[in-house]
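Understanding the architecture of this molecule
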Amino acid sequence: MATVRIQLIDDHEIVRAGFRHLLEKEGNMLVVAESATGKQACCDYDTYKPDMVITDISLPDISGLEVIRRIRLEDPHALILVFSMHAG
């Protein structure tokens, strides 16, 4: 089975570390980039070209929705999973 290359985007280091641990213990997933801000996330996406992005909506500089918009402009077929702690 091919390895899935993942970019994690969240401003909390402990959250990224937890996701990294859970994903990489599966054996076929590798976190290739961890981004703490939206601007960093966009640059990291350009650099690492991950197979999948996992992002939070709340980021300290630009929103996760803006990050998604920018990534989609570059790669309309990008696979993006969104998670958030916002209450509905």
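Placed above this text is the structure.
Residues numbered from 1 in each chain as written. Predicted model: local features only at pLDDT ≥ 70, side-chain atom pairs only at ≥ 80, totals over all residues. Heavy atoms only, no water.

The next subject is the overall build of the chain. Looking only at helices and strands, the chain features three helices and four strands. Starting at the N terminus, the α and β elements of the chain follow one another as β-α-β-α-β-α-β. Expected size for 88 residues packed as a compact globule is a radius of gyration near 12 Å; at 12 Å, the chain falls within 12% of this value. Taking all contacts inside the chain whose residues are at least 6 apart in sequence as the whole, residues at least 24 apart take part in 65%. Here the chain displays about 5400 Å² of accessible surface, and carbon together with sulfur accounts for 60% of that area. Between the averaged position of the 9 positive side-chain charges in the chain and that of its 14 negative side-chain charges there is a distance of 3 Å. (Helix = DSSP H or I, 4+ residues; strand = E, 2+ residues; numbered from the N terminus. Rg over C-alpha atoms; globule rule 2.2 N^0.38 Å. Contact = heavy atoms within 4.5 Å. Areas by Shrake-Rupley, 256 points an atom, 1.4 Å probe, with all protein chains shown as cover. Lys, Arg positive; Asp, Glu negative; His and termini not counted. Charge placed at Lys NZ, Arg CZ, Asp CG, Glu CD.)

Here the focus is the packing of aromatic side chains. Inspection of every chain in the model, using the stated rule, returns one aromatic pair. Geometrically, the ring pair formed by Phe19 and Phe83 is tilted, given 4.9 Å between the ring centres and 40° between the ring planes. With Phe19 in helix α1 (residues 13–24) and Phe83 in strand β4 (residues 79–83), this pair connects stretches of sequence that are 64 residues apart. Classification of Phe19 by relative accessible area gives partly exposed; the value is 29%. (Phe/Tyr/Trp six-rings, centres within 6.5 Å; stacked < 30°, edge-to-face > 60°. Buried < 20%, exposed > 50% of the residue type's maximum accessible area, 1.4 Å probe, protein only.)

Bear in mind that shape data such as this cannot, by itself, settle questions of function.
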